[in-house]
Amino acid sequence: MRVGVLTGGGDVPGLNAAIRAVVKRGEGAHGHSIVGFRNGWKGVVEGDVRPLVRDELRNVLATGGTLLGTSRFHPHRNPGGVEAVLATLEQERIEALICIGGDGTLGAASEIAAAGVRVIGIPKTIDNDVWGTDRSIGFDTAVTIATEAIDRIHTTAESHNRVMIVEVMGRHAGWIAVTSGIAGGAEIVLAPEEPFDIERIEKFLVHRHRAHASFSIVVVAEGAVPADGTAMSYQTEVGQFGEIVAGAIGERLKSEIAQRTGFDTRVTVLGHVQRGGIPTASDRILASRFGVAAIDALSEGRSDVMTALRGDRIELVDIADIAGKVQYVPEDLLRVARELA
Ligand code: F6P
């Protein structure tokens with residue numbers, strides 16, 4: 001079988017490990033020929049293909065980014081996009097696609113599957129918000145980086161008696177904020193799942209600094225917002241594609257906290273540092289498991305499904321089921337972050 005592979009959406013560490021697994025297993029165990037599309041769905045529309053062979057994929061397991069390139073282009077949102085995808089697949093004699101991406105890329109995969117193409121999805125996003133899987137590729141590395149950053153910020157917070165705000169990624173769900181906040185011992189964690197009350201934050205900080213500590217760490221997800229009817233007014237800043245702009249909530253909180261408490265306050269926006277560099281062992285393992293499961297599923301005649309981690313097991317979920325849904329941080333995890341403040 002001739003199989004196409006693409007990576008779409010924001011890059012994450014572990015994508016190359018997934019591509020490598022698809023190619024090694026696909027070529028070695030099933031005798032498939034694998035080709036890659038450059039720059040996500042854009043490359044499929046433009047017919048931008050390159051062969052992927054085992055011998056050329058040495059030493060990619062530990063590399064970050066994606067050797068195929070990526071984009072946030074979605075064929076079904078562009079006139080003639082779906083038709084162009086079908087034409088490329090026919091011209092390149094590609095019988096199935098493995099799409100490695102987050103909700104946007106997988107949503108497009110679902111549309112292409114509905115147009116009659118055999119598709120398998122693999123979830124990746126540092127935000128860990130793809131519905132239907134406990135983990136997505138890239139999340140573990142991002143949490144590791146964010147936790148290290150919080151550890152480093154702790155020392156300056158303590159030395160200077162400051163309130164240090166650390167803004168991490170997470171537009172719709174606060175997975176990175178909550179888990180790195182717990183691991184890094186943050187005093188306050190703010191996630192999109194639980195809109196916050198600035199007056200409660202003010203009271204907490206004033207009490208803490210009077211009672212027993214002269215510094216605090218606040219970890220905030222970029223998509224966190226104040227609760228309706230509370231004292232802070234804040235309009236989420238949105239970019240060209242309707243995305244939440246990083247840096248807006250961190251900066252806004254910094255001025256609000258400094259003005260309300262009088263404490264010396266600083267903000268660090270981690271931004272794309274969280275998505276860069278080498279993948280953790282855990283992300284390499286997850287990516288390898290997903291890659292093998294995806295090509296095996298295709299070889300067994302399955303299609304229109306996404307590989308998912310459920311507990312310790314890799315399972316397959318219908319790709320049509322995940323579209324438009326968000327995997328939020330569960331209440332028990334939010335509670336741990338609250339209770340350890
Ligand atoms: O892909 C998810 C993500 O990492 C978000 O957490 C973040 O808001 C966004 O990507 C940033 O996107 P870009 O790289 O396009 O600025």
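Structural data are supplied above this passage.
In this convention, every chain numbers its residues from 1, walking through the sequence in written order. Under the rules for a predicted model, residues below a pLDDT of 70 receive no local features and side-chain atom pairs below 80 are neither given nor counted, while totals for whole chains, interfaces and linings still include all residues. With hydrogens and water excluded, all non-hydrogen atoms of the structure serve as input to the side-chain values.

Draft legend 1. Molecular detail of the overall build of the chain. Scanning the chain for helices and strands turns up eleven helices and eleven strands. C-alpha atoms define the radius of gyration, and 2.2 Å times the number of residues to the power 0.38 defines the globule rule. In terms of overall dimensions, the chain is globule-like: its C-alpha atoms have a radius of gyration of 22 Å, near the 20 Å expected for 341 residues. Each residue is assigned to one of three classes by its accessible area relative to the maximum for its type, calculated with a 1.4 Å probe on protein chains only: buried under 20%, partly exposed between the two thresholds, exposed over 50%. A buried classification covers 53% of the 341 residues belonging to the chain. Any two residues whose heavy atoms approach within 4.5 Å at even a single point are treated as in contact. Pairs at least 24 apart in sequence give 74% of the contacts found in the chain among residues at least 6 apart. Charge-centre separation for the chain: the mean point of 35 positive side chains lies 4 Å from the mean point of 44 negative side chains. Helix and strand definitions here come from DSSP, where helices need a minimum of 4 consecutive H or I residues and strands a minimum of 2 consecutive E residues; each element is numbered from the N-terminal end. A positive count includes Lys and Arg, and a negative count includes Asp and Glu. His and the chain ends are not counted in either. To locate a charge, take atom NZ for lysine, CZ for arginine, CG for aspartate or CD for glutamate.

Draft legend 2. Summary view of the site of the ligand. Whether a residue is near a molecule or strand depends on its heavy atoms: it is near if one of them lies within 4 Å of it. In the vicinity of the ligand, the contacting residues are Arg72, Ile126, Asp127, Met169, Gly170, Arg171, Glu222, His272 and Arg275. Polar contacts, as counted here, are pairs of nitrogen or oxygen atoms within 3.5 Å of one another; within protein the pair requires one atom able to donate a hydrogen and one able to accept it, and residues that are adjacent in sequence qualify only if both atoms are side-chain atoms. Glu222 places a side-chain nitrogen or oxygen 2.6 Å from an oxygen atom of the ligand. A total of 400 Å² of accessible area belongs to the ligand in isolation, and the protein chains cover 77% of it. Looking at the shell around the ligand residue by residue, the classes come out as two nonpolar, two polar and five charged. To be clear on the numbers: accessible area is Shrake-Rupley with a 1.4 Å probe, and residue cover counts the displayed protein chains and nothing else. By the convention adopted, Pro, Cys, Tyr, Trp, Phe, Met, Ile, Leu, Val and Ala count as nonpolar, Lys, Arg, Asp and Glu as charged, and the other residues, Gly among them, as polar.

Draft legend 3. Looking closely at helix H1 (residues 15-28). An expected span of 1.5 Å times one less than the residue number is assigned to each helix. In this model H1 runs 20 Å from its N-terminal to its C-terminal C-alpha over 14 residues, within 8% of the 20 Å that 1.5 Å per residue would give. Buried residues of H1: Leu15, Asn16, Ala17, Ala18, Ile19, Ala21, Val22, Val23 and Gly26, and no others. On its buried face, H1 is in contact with strand E1 (2-7), strand E2 (33-37), strand E3 (49-52), strand E4 (96-101), strand E5 (118-123) and helix H9 (281-299).

Draft legend 4. Spotlight on the pattern of salt bridges. A side-chain nitrogen of Lys or Arg and a carboxyl oxygen of Asp or Glu constitute a salt bridge if their distance falls within 4 Å. Tallied over the full model, the rule gives 20 salt bridges. Arg58 serves as the salt-bridge partner of Asp55, at 3.4 Å between the closest nitrogen and oxygen. As far as burial versus exposure is concerned, Asp55 and Arg58 are alike and both exposed. Arg162 serves as the salt-bridge partner of Asp264, at 3.0 Å between the closest nitrogen and oxygen. Of the two residues, Asp264 sits in the loop between helix H8 (248-261) and strand E9 (265-269) while Arg162 sits in the loop between helix H5 (139-160) and strand E6 (163-168), which places them 102 residues apart along the sequence. Via salt bridges that share partners, Glu194, Glu331, Arg335 and Arg338 belong to a single interconnected network.

Draft legend 5. Highlighting the packing of H1 against H9. Axis definition: a line fitted to C-alpha atoms, limited for helices to the stretch in contact. Angles are taken between N-to-C directions and run from 0 to 180 degrees. With their axes 7 Å apart at the nearest point, H1 and H9 run at an angle of 40° to one another. Looking at the two axes, H1 sits oblique to H9. By crossing handedness, the relation of H1 to H9 is classed as right-handed. Residues Ala17, Ala18, Ala21, Val22, Arg25 and Gly26 of H1 touch H9, and the partners they reach there are Arg284, Ala287, Ser288, Gly291, Val292, Ile295 and Asp296. Its residues assigned to classes, the contact of H1 with H9 shows seven nonpolar, three polar and three charged. Orientation categories follow fixed angle ranges, with anything under 35 degrees roughly parallel, anything over 145 roughly antiparallel, 65 to 115 roughly perpendicular, and all other angles oblique. Left-handed is the label given to a crossing in which the near helix is rotated counterclockwise from the far helix by less than a right angle, and right-handed is the label when the rotation is clockwise.

Draft legend 6. Quick look at the sheet that holds strand E7 (residues 188-190). In short, DSSP must find at least two bridges between two strands for them to pair. Across the sheet, which stays open at both edges, the four strands sit in the order E7-E8-E6-E9 with parallel pairing between neighbours. Lying at the two open borders of the sheet, with one neighbouring strand each, are E7 and E9. Across the sheet, the mean angle separating the axes of adjacent strands is 15° when strand polarity is ignored. Pairing between E7 and strand E8 (residues 216-221): three bridges, direction parallel. Counterpart to Leu190 in the pairing with E8 is Val220. Sheet strands touched by helix H6 (residues 175-184): E6, E7 and E8. Its angle to E8, the strand with the most contacts, is close to 155°.

Coordinates in, geometry out; function isn't part of it.
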